[in-house]
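Per-entry structural report
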Amino acid sequence: MSNILPFKLTDELIEHIEHLIQEHKDEELKTYLQQLHYADIAEITHELSFDDATYVLRLISREKASEAMTELDDDLRDYVLENLSDKEIAQDLLELDTDDAADLIADLSEERQTEILSQIDDVEHARDIVDLLRYDEDSAGGLMAKELVKVNENWSVDNCMKQMREQAQYVTRVHSIYVVDDDEKLKGRLSLKDLLTAPPKSHIKDIYISKVDYVYVTDTSEEVARLMSKYDLEAIPVVDMTKRLVGRITIDDIVDVIKEEAERDYQMAAGITQDVEADDSILKLTKARLPWLLIGMFGGLGAASIINGFQQGMQNYPILLIFIPLIQATAGNVGVQSSAIIVQGLANDSIDGQLWNRLFKEFLLGLINGLAIAFIVMLVSHFIFGSEWFVSLTVCIALVTVIINAAVIGTFIPIFLDKRGIDPAVATGPFITTSNDVFGILIYFMIAKIVLGF
């Protein structure tokens, strides 16, 4: 048994590869790279200069280079494509499944796409790529590949086996066998076990399974991901509006969608309005971060204005100032917790029931958490900070009210936005935190004014 160590990217490895490039030791470099997985090659190229990365991708076989290019960051891939000839890119497209091929050239100009596709000898492969390029990249049509195995319901089992052998040579992985009628409309799916055990002269229409999950070309990538995740599907067929079978989506494409969606939601929750990475330019990072920072600034000014309006009360009870950070932090944290759970539930399609029931549940949860925290704060306020019991009670009443308010706001806003077709992820992070800070301070001083009478 051979012991193959997992690939590990190190500074020493990058230095060695850069040395081989500089010394033009192509055969040694090519021999090493060819034994690596294409994802490992892509990881290596991200640590090289753009020119060296292009050099590496030109050196290795077109099959491995094409696969590696599908894993590159956008900037590096754009640079590599700019420096490859149309013929080289056409060769790469031939090595890829149609969905990956379409993704590879999707951002190129239409003129260059046309020139590249004209260089592909396989006319049907080129036609399939053209067909995929017309779909929105965030739709099922933009995700699907044309490669699949389909059989006609009127075929005999014997004829079906022959046809499948021909089709399978063009399909990397055969997840499912789809059944269509003479008009190419999806009828169902075929179990390989049923096919192998059926009499050779029997017909497919007698053994296929009519129940099959499918999506339309216009369905969003999020809808496809939700369906495949719910039913644990490795692949799902895609049909047009007349229910003609036009492609399939496999689990590897959906994993990418889920990952990108999670990254986008995480950034939005953190107050970043664009899809950015750490290596992006300062200008791009500034544009992504500044809008939410400005919202936070105005929220802070609003809170300061509220505090300024209660100067008389703070002069009479200066100890109230001590608890302002506690009120703001607690309100912000509770709001983010509530909204994060709701946003996650909306993403997983697990939020059901009426809105009022959901709000009432959050009200009770906020009440229980608020009473527990308020009890601790009352003891600390009186015995450590030395405040009077009356003042401590005021802080506790305000704290319970603020927590309930934050929980309700954190629940209501994401659901409200979702019902109006707005991504509920925008409700989390700075938006919820800032709004609850302002409301928290207002509630705190209003209750203090009522109870303490200033």
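Thresholds, definitions, all that
Residues numbered from 1 in each chain as written. Predicted model: local features only at pLDDT ≥ 70, side-chain atom pairs only at ≥ 80, totals over all residues. Heavy atoms only, no water. UniProt positions renumbered as here; feature names shortened; annotations may be inferred. Helix = DSSP H or I, 4+ residues; strand = E, 2+ residues; numbered from the N terminus. Rg over C-alpha atoms; globule rule 2.2 N^0.38 Å. Buried < 20%, exposed > 50% of the residue type's maximum accessible area, 1.4 Å probe, protein only. Contact = heavy atoms within 4.5 Å. Lys, Arg positive; Asp, Glu negative; His and termini not counted. Charge placed at Lys NZ, Arg CZ, Asp CG, Glu CD. Pairing = 2+ DSSP bridges. Axes fitted to C-alpha atoms, helices over the stretch in contact; angles between N-to-C directions. Right-handed = clockwise from strand over helix to strand, strands pointing away. Patch = residues over 30% accessible without salt bridge, like charges linked within 9 Å, V, L, I, M, F, W, Y side chains within 5 Å. Areas by Shrake-Rupley, 256 points an atom, 1.4 Å probe, with all protein chains shown as cover. Salt bridge = Lys/Arg side-chain N within 4 Å of Asp/Glu carboxyl O. Left-handed = near helix turned anticlockwise from the far one by under 90°. Nonpolar A, V, L, I, M, F, W, Y, C, P; charged D, E, K, R; others polar. Core = buried A, V, L, I, M, F, W, Y, C linked by side-chain atoms within 4.5 Å.

For the chain, an unreviewed UniProt entry supplies the name Magnesium transporter MgtE and the organism Capnocytophaga catalasegens. Recorded under Sequence similarities (unreviewed entry), the UniProt text for the chain is reproduced unchanged: "Belongs to the SLC41A transporter family." UniProt's Function (unreviewed entry) comment on the chain is quoted here verbatim: "Acts as a magnesium transporter."

**A short note on the overall build of the chain**
For the chain, the count of helices and strands is 21 helices and six strands. Computed over C-alpha atoms, the radius of gyration of the chain comes to 30 Å, more than 25% over the 22 Å expected from 2.2 N^0.38 for 454 residues, which places it beyond the range of a compact globule. Reported as C-alpha extents along the three principal axes, the dimensions of the chain are approximately 90 × 65 × 50 Å. Within the chain, the proportion of its 454 residues that are buried is 44%. For the chain, the proportion of contacts with a sequence separation of at least 24, taken over those separated by at least 6, is 65%. Considering the chain, the positive charge centre built from 38 side chains and the negative charge centre built from 76 side chains are found 8 Å apart.

**Brief notes about helix α3 (residues 38-45)**
Looking only at α3, the buried set comprises Asp 40, Ile 41, Ala 42, Ile 44 and Thr 45. Looking at the buried positions of α3, the neighbouring elements they touch are α1 (11-22), α2 (26-34), α4 (50-59), α5 (62-69) and α6 (74-83).

**Some points on the sheet that holds strand β2 (residues 177-180)**
An order of β1-β2-β3 is seen for the three strands of this open sheet, with the pairing classed as mixed. A single partner strand is all that each edge strand has here, and the edge strands are β1 (149-152) and β3 (186-190). On average, each strand axis in the sheet is inclined to that of its neighbour by 35 degrees, with strand direction left out of account. Two strands pair when backbone bridges link them, and β2 and β3 are joined in this way by four bridges, in the antiparallel orientation. When the bridges of β3 are listed, Val 179 appears paired with Gly 188. Against the sheet, helix α12 (residues 157-168) engages β1, β2 and β3, with an angle of about 155 degrees to β1.

**Points about the pairing of β2**
Of the two faces of β2, the one holding Ile 177 and Val 179 and the one holding Tyr 178 and Val 180 are both buried throughout. Pairing of β1 with β2 involves four bridges; the strand directions are parallel. Among the inter-strand pairings, Lys 150 is bridged to a residue of β2, identified as Tyr 178. In this view, the connection linking β1 to its parallel neighbour β2 by way of α12 has right-handed handedness.

**Notes on a nonpolar patch on the surface**
Together, Ile 322, Phe 375, Ile 376, Leu 379, Phe 383, Ile 384, Phe 385 and Trp 389 make up a nonpolar patch on the protein surface, roughly 870 Å² of accessible area in all. A total of four residues in the nonpolar patch trace back to one element, the largest contributor, which is helix α19 (residues 355-383). Along the chain, Phe 375 turns up in helix α19. Since its relative accessible area comes to 52%, Phe 375 is described here as exposed.

**Some remarks on the UniProt feature "transmembrane region" (unreviewed entry) in the chain**
Summarizing the sequence annotation, UniProt attributes the feature "transmembrane region" (unreviewed entry) to residues 290-307, 319-343, 363-385, 391-417 and 429-452 in the numbering used throughout. Counted over residues 290-307, helix gives 100% and strand 0%. Its end C-alpha atoms are 25 Å apart. Counting secondary structure, residues 319-343 comes out at 80% helix and 0% strand; the distance between its end C-alpha atoms is 38 Å.

**So, the pattern of salt bridges**
In the structure shown here, the tally under the stated rule is eight salt bridges. Across the pair Arg 62 and Asp 92 runs a salt bridge whose closest N-O atoms are separated by 2.7 Å. Here Arg 62, found in helix α5, pairs with Asp 92, found in helix α7 (residues 86-95); they are 30 residues apart in sequence, far enough to count as distant. When sorted by exposure, Arg 62 lands in the same class as Asp 92, which is buried.

**Structural notes on the sheet that holds strand β4 (residues 215-216)**
If you walk across this open sheet you meet the three strands as β4-β5-β6, and the pairing is mixed. In the strand order of this sheet, the two ends are held by β4 and β6 (245-250), each with one partner. Where β4 and strand β5 (residues 235-239) come together, two bridges link them in parallel fashion. Across the sheet, the residue bridging to Tyr 216 is Val 239, located in β5. Here helix α14 (residues 221-230) sits on the sheet and contacts β4, β5 and β6; the angle it forms with β5, its principal contact strand, is near 140 degrees.

**A short note on the packing of helix α20 (residues 389-419) against helix α21 (residues 430-452)**
α21 packs onto α20 with a crossing angle of 145 degrees between their chain directions and a minimal axis gap of 9 Å. Once α20 is placed against α21, the crossing between them reads as right-handed. For the contact of α20 with α21, the class distribution of residues is 18 nonpolar, seven polar and no charged.

**Considering the UniProt feature "domain: CBS" (unreviewed entry) in the chain**
UniProt records the feature "domain: CBS" (unreviewed entry) for residues 144-207 and 208-264 in the present numbering. For residues 144-207, the end-to-end C-alpha separation is 27 Å, with 28% helix and 20% strand making up the annotated structure.

**Here we look at the nonpolar core**
Ranked by internal contacts, the top residues of the largest apolar core, which has 56 residues, are Leu 93 and Ile 249. Per element, the largest residue contribution to this core is five residues, and it comes from α1. Non-local contacts of Leu 93, meaning those with residues more than four positions away in its chain, are made with Ala 101, Leu 104, Ile 105, Ile 116, Leu 117, Ile 120, His 125 and Ile 129.

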